[in-house]
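The chain contents come next:
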Amino acid sequence: MDSFVKYINEAKKPNIPTVKRESYGQELIIDMHDVPTEFFTKKNIRQFAEQLCDEIKMKRGPFHLWGEEKDLHKAKTGEGAIKADGISCVQFLYSSSITIHALDEINKVFINVFSCNKFDVKKARAFAEKNINGKIVSIHNIIRK
């Protein structure tokens, strides 16, 4: 009977693989200023997110985008007004996500790439500089342990 109880208890334990490498993943954070006005369209932001996946060799999952393009902004003034409208997106990856916040009223773009798979930070940085054309004012690569 004891061996049967032990068998049942062992069968109930989930088969969860353990991470056997030094780090779990990484997160790249890029803040860009002085981004040209042409970048701030839904089409450009989506295209950038998709192509960034290809550049850093990440498999894309679902894509979600929300916000308003500049010509659709409503006047917001007074208490509680939002400082800047813009467009945000999440490009899910099979290994996590890319998040982009593009604020056209202040010409800034904020990018986060998180993945449990390693990716080339230099390629991601160069791709952002080339395709967004803004000035990188802050960049951090955080290794998750």
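Residues numbered from 1 in each chain as written. Predicted model: local features only at pLDDT ≥ 70, side-chain atom pairs only at ≥ 80, totals over all residues. Heavy atoms only, no water.

A closer look at the nonpolar core
One finds Phe 39, Phe 48, Ile 100, Val 109 and Ile 111 to be the most contacted residues of the largest nonpolar core, which totals 29 residues. Mapped by element, the contributors of at least two residues to this core are β1 (25-33), α2 (42-55), β3 (87-93), β4 (96-103), β5 (108-115) and α3 (121-132). It is α2 that contributes the most residues to this core, 5 residues altogether. (Core = buried A, V, L, I, M, F, W, Y, C linked by side-chain atoms within 4.5 Å. Buried < 20%, exposed > 50% of the residue type's maximum accessible area, 1.4 Å probe, protein only. Helix = DSSP H or I, 4+ residues; strand = E, 2+ residues; numbered from the N terminus.)

Let's talk about unusual backbone geometry
Most peptide bonds adopt trans geometry, and most residues besides glycine take a negative phi value. The phi angle at Asp 34 is positive, at roughly 55°, despite the residue not being glycine. Note that Asp 34 resides in the loop between β1 and α2. On the basis of relative accessible area, Asp 34 is assigned to the exposed category, the value being 57%. The residue Asn 133 is not glycine, and still its phi comes out positive at about 70°. The topology assignment puts Asn 133 in the loop between α3 and β6 (135-144).

Here we look at the pattern of salt bridges
A side chain of one charge can pair with a side chain of the opposite charge if their charged atoms are brought near each other. Tallied over the full model, the rule gives 4 salt bridges. The closest approach of N and O atoms between Arg 144 and Glu 27, which form a salt bridge, is 2.3 Å. Here Arg 144 is found in strand β6, whereas its partner Glu 27 is found in strand β1, with 117 residues between them in sequence. (Salt bridge = Lys/Arg side-chain N within 4 Å of Asp/Glu carboxyl O.)

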